[in-house]
Protein chains: 2
Amino acid sequence: MNLEIGPINKSSLSKQVADQLQEAILEGTLKADDRLPTEDELAQRFQVSRPTIREALKRLAAKNLIRSRRGPTGGSFVNHLGKNELSEHLTTASTLFVSMNQVSLDEISATRLEMESYCFRLASQHRTDEDVELLKQHLTHQKNRNISPEEFCAADVRFHRAIADASHNKMLSFIMYTLIEALQPVSNMIAYRFRERDIITSQHERIFNAIHDQDANLACAILAEQIDYLQQLHEDARASHQA
Amino acid sequence: MNLEIGPINKSSLSKQVADQLQEAILEGTLKADDRLPTEDELAQRFQVSRPTIREALKRLAAKNLIRSRRGPTGGSFVNHLGKNELSEHLTTASTLFVSMNQVSLDEISATRLEMESYCFRLASQHRTDEDVELLKQHLTHQKNRNISPEEFCAADVRFHRAIADASHNKMLSFIMYTLIEALQPVSNMIAYRFRERDIITSQHERIFNAIHDQDANLACAILAEQIDYLQQLHEDARASHQA
DNA sequence: TACGTTAATTTGTAATACAAATATAAAATA
DNA sequence: TATTTTATATTTGTATTACAAATTAACGTA
């Protein structure tokens, strides 16, 4: 005779606590930089033990919703979640998706061509002087042959993100961050040779000039060229890998 | 005299453990449905206590990377992360971003028009009979006036996702899921009135027919119409809210 | 006033015990 | 013998307690 009536608490306590706190953050009851009660207080309020509270907090920390500090002024604080703060999410989600779902380079390339072209059109229209300046800086850094492959990739990401930001459409920019992350494996491929690096950066320079001159069509054409080039490289690598 | 040399372990133990396990999952050492060692074993291997291991596991659970079950055959198992499994991430990330960064409806609408139009073009080309059948089901369900507002929204999400999937570009589909989530507030707005619901569903029906007939241009035109309509509704709501 | 020391607060980690769920094997019953 | 029930072992879930580490604030001293 199972007479349990009402909503049965099937999930674990730590998850229930985490969900309630997340709800509070989402609906604005807990605002950015607000300090949560101490773990002991939370334990009392929710009527659970401190380890349970901690597991709940770690769940939120994994989602980058909160941060923790020790000491008298310490505690758990709500994070302000902008594009950059949320990007870690997207990074892992995007990377996982690409690596676990056999997404072909063709699919990624086609999506990129479509979306980044749209960015170029918007960026050509709406770019400010600050946008141009920022792009210039990233480009200059990427041109430097002394930086490591990892740093080259990071600079590449920054360049593409800056273009997305230059569209001045926050939603588009946010989504582009996901896509840019998916392209990292390809970027990794070319980061180790100066020849390929130079070709990419020179293409970036031409794209930069086109956007600076507000010539979206030209920028898109160069993008198509770059994507073709990357796919060719990928094809070659695959061929030589078989041999 | 702080002589600590080498990479300093700044982050907490539970985070370090979580990162190592995540790395193993990401690089394929731990594959989908693999069972992790028991918490006691993990505690011994990492030379930390069981609560620490548990905090690490909860971090991964929050990211939906693992699931846990009790009992003899229980333990923690690696999740297979497809679009649907990762969607919870995107849901929260996207919802948070929209709610915390003052993304305007204009920005969302413009992005949606561009990207969903691309989906329509691809879907018109590549749709299979199964795609059509699935869309038909979702549409039929959404037309039913007896379903609750919540169920209406859910059906709306399914319909748009199905169209994205019909593009047969997994990368695009994945990204679209993020965007569809961002549209939920708007969808919520219209879910409570039959008049608005009927208008939306009739537009969906026309879009469905257009894709069925492989007429991408028509589908895109109806989409533009729908987006205009939603923006108009939003504008009206804002105006009456001021008064 | 300036500076070092101490104390208080809060998270981080550990150890241990027990509860709850669940599958497997054993035992009792028809 | 077949089937159901019962015990039992395993593993996660939760609670309790204690202490370590970090960090700030207050205090005392030169």
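Quick caveat, the model's predicted, so the values are computed rather than measured.

Calculation notes
Residues numbered from 1 in each chain as written. Chains lettered and ligands numbered in written order. Predicted model: local features only at pLDDT ≥ 70, side-chain atom pairs only at ≥ 80, totals over all residues. Heavy atoms only, no water. Contact = heavy atoms within 4.5 Å. Buried area = accessible area lost by both parts, 1.4 Å probe. Salt bridge = Lys/Arg side-chain N within 4 Å of Asp/Glu carboxyl O. Polar contact = N/O pair within 3.5 Å; in protein donor to acceptor, adjacent residues only side chain to side chain. Helix = DSSP H or I, 4+ residues; strand = E, 2+ residues; numbered from the N terminus. Nonpolar A, V, L, I, M, F, W, Y, C, P; charged D, E, K, R; others polar. Near = heavy atom within 4 Å. Least-squares fit on C-alpha atoms with pLDDT ≥ 70 in both. Expected span 1.5 Å × (residues − 1). Bend = angle between axes of the 7 residues up to and from the residue. Buried < 20%, exposed > 50% of the residue type's maximum accessible area, 1.4 Å probe, protein only.

J.: Help me understand the interface of chain B and chain A, please; the structure alone is not making it clear to me.
T.: A common measure of how large an interface is: the accessible area buried when the components associate. Counting residues at the interface gives 48 residues for chain B and 47 residues for chain A. Summed over the three residues of chain B that lose the most area to chain A, namely Glu55(B), Phe97(B) and Met171(B), the buried surface amounts to 15% of that side. Counting across the chain B and chain A interface gives six salt bridges. For the interface between chain B and chain A, the tally reads 10 residue pairs in polar contact (both at pLDDT 80 or more). Tallying contributions element by element places helix α4 (residues 83-100) of chain B first for the side of chain B that touches chain A, with 13 residues. When its residues are assigned to classes, the side of chain B that touches chain A shows 23 nonpolar, 15 polar and 10 charged.

J.: Explain the protein's contact with DNA strand D here, please?
T.: Around DNA strand D lies a shell of 25 residues, among which Leu13(A), Ser49(A), Pro51(A), Pro72(A) and Arg50(B) are the nearest. By atom count, sugar and phosphate contribute 68% of the portion of DNA strand D lying within 4 Å of the protein. Separating a phosphate oxygen of DNA strand D from a backbone N or O atom of Ser49(A) is a distance of 2.8 Å. Elements that contribute at least two residues to the surface near DNA strand D include exactly α1 (13-26) and α3 (50-62) of chain A together with α3 (50-62) and β1 (66-69) of chain B. Across the surface near DNA strand D, the residue classes break down as five nonpolar, 11 polar and nine charged.

J.: How do you make sense of the protein's contact with DNA strand C when you look at a structure like this?
T.: Not every one of the 25 residues close to DNA strand C is listed here, only the nearest: Arg50(A), Arg70(A), Leu13(B), Ser49(B) and Pro72(B). In the interface set of DNA strand C, defined as its atoms within 4 Å of the protein, sugar plus phosphate atoms amount to 67%. Contact between DNA strand C and Arg54(A): a phosphate oxygen at 2.9 Å from a side-chain N or O atom of the residue. Within the backbone of Leu13(B), one N or O atom sits 2.6 Å away from a phosphate oxygen of DNA strand C. Elements supplying a minimum of two residues to the surface near DNA strand C: α3 and β1 (66-69) of chain A together with α1 (13-26) and α3 of chain B. A per-class count over the surface near DNA strand C returns five nonpolar, 11 polar and nine charged.

J.: Where do I start with the relation of the copies chain B and chain A in this structure?
T.: Taken together, a rotation about one axis and a shift along it account for how the two chain copies relate. With an axial shift of 0.0 Å and an RMSD of 0.1 Å, the rotation relating chain B to chain A amounts to 180°. Seen this way, the second copy is the image of the first under a two-fold rotation axis. In this assembly, 98% of the residues forming the interface of chain B have copies in chain A that are likewise at the interface, indicating an isologous arrangement.

J.: What is the right way to look at α4(B) in this model?
T.: A turn of α-helix holds 3.6 residues, and therefore any two residues three or four places apart point the same way. An ideal rise of 1.5 Å per residue puts 26 Å on 18 residues; α4(B) measures up with 25 Å between its terminal C-alpha atoms. Maximal helix bending in α4(B) amounts to about 30°, located at His89(B). Taken together, the buried positions of α4(B) are occupied by Lys83(B), Leu86(B), Ser87(B), His89(B), Leu90(B), Thr92(B), Ala93(B), Ser94(B), Leu96(B), Phe97(B) and Val98(B). Residues of α4(B) that are buried in the fold lie against α1, α4 (83-100) and α8 (170-182) of chain A together with α5 (105-126), α7 (149-166) and α8 (170-182) of chain B. Of the residues one or two after α4(B), Gln102(B) is the one with positive phi, at around 45°.

J.: Mind showing me how you'd approach the pattern of salt bridges here?
T.: Two side chains of opposite charge can pair, provided their charged atoms sit close to one another. For the structure shown, the criterion picks out 32 salt bridges over all chains. For Glu151(A), the salt bridge goes to Arg158(A), with nearest N and O atoms at 3.2 Å. Across the salt bridge formed by Asp19(B) and Lys15(B), the nearest N and O atoms sit 3.6 Å from each other. Residue Asp19(B) and its partner Lys15(B) are both found in helix α1; the two are separated by four residues, about one turn of the helix. Take Asp19(B): its relative accessible area is 35%, and that puts it in the partly exposed class.

Nothing here speaks to function; it is all geometry.
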